[in-house]
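Chain by chain, the residues run as shown.
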Amino acid sequence: MTRTRKKWASRTTGRLDIEAAVAARLDMPQEQVGDVLCEALNEIATALAAGRRVELRRWGVFEPKELRAREFCNIATGTNGKVGARTTVKFKPAPALREIVSGEERAA
């Protein structure tokens, strides 16, 4: 039996893809680039876990966001329940990133 790929799989860029591209561009070993990338991402996660805002110029802002406890209704079973409060991450892209993604050029 052959496995079919999901239609979005060919449009996904993973950590290893980023490592390979940066390693080729900087002429560095991919393993070394991977270590640096991993440490950078760990530092961002640590800051967010501590409740701090992470601001990356020309990229965007990551902020921890508190979600309140709330009630829900399962339509299939008709039961009600409660979801506890939790913290998630909110990302707001910088204008420069929005322009790159949308293909727009910045007016000089």
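Computed from a predicted structure; not experimentally measured. (Residues numbered from 1 in each chain as written. Predicted model: local features only at pLDDT ≥ 70, side-chain atom pairs only at ≥ 80, totals over all residues. Heavy atoms only, no water.)

1. With respect to the overall build of the chain
1) Next: Looking only at helices and strands, one finds 3 helices and 5 strands in the chain.
2) Next: In the chain, the succession of helices and strands from N to C terminus is α-α-β-β-β-β-β-α.
3) Next: For the chain, buried positions account for 14% of its 108 residues.
4) Next: Here the contacts in the chain between residues at least 6 apart in sequence split such that 28% fall between residues at least 24 apart.
5) Next: Carbon together with sulfur atoms contributes 55% to the accessible area of the chain, which is approximately 9,500 Å² in total. (Helix = DSSP H or I, 4+ residues; strand = E, 2+ residues; numbered from the N terminus. Buried < 20%, exposed > 50% of the residue type's maximum accessible area, 1.4 Å probe, protein only. Contact = heavy atoms within 4.5 Å. Areas by Shrake-Rupley, 256 points an atom, 1.4 Å probe, with all protein chains shown as cover.)

2. Details of the sheet that holds strand β2 (residues 60–67)
1) Next: Within the open sheet, the 3 strands sit side by side as β1-β2-β5. Their pairing is antiparallel. Either end of the sheet is taken by a strand with one partner, and the two such strands are β1 (54–56) and β5 (86–93). Looking at each pair of strands side by side, their axes are set apart by 25 degrees on average, direction ignored.
2) Next: Sitting on the sheet, helix α2 (residues 30–49) is in contact with β1, β2 and β5, with an inclination near 140 degrees to β1. (Pairing = 2+ DSSP bridges. Axes fitted to C-alpha atoms, helices over the stretch in contact; angles between N-to-C directions.)

3. Remarks on the environment of Gln32
1) Next: Its location among the elements puts Gln32 in helix α2.
2) Next: When the C-alpha atoms of Gln32 and Glu19 are compared, they prove to be 8.9 Å apart, with 13 residues separating the residues in sequence.

4. Digging into the packing of aromatic side chains
1) Next: For the structure shown, the criterion picks out 1 aromatic pair.
2) Next: Geometrically, the ring pair formed by Phe62 and Phe91 is tilted, given 4.7 Å between the ring centres and 45 degrees between the ring planes. Highlighted residues: Phe62 in strand β2 and Phe91 in strand β5, separated in sequence by 29 residues. (Phe/Tyr/Trp six-rings, centres within 6.5 Å; stacked < 30°, edge-to-face > 60°.)

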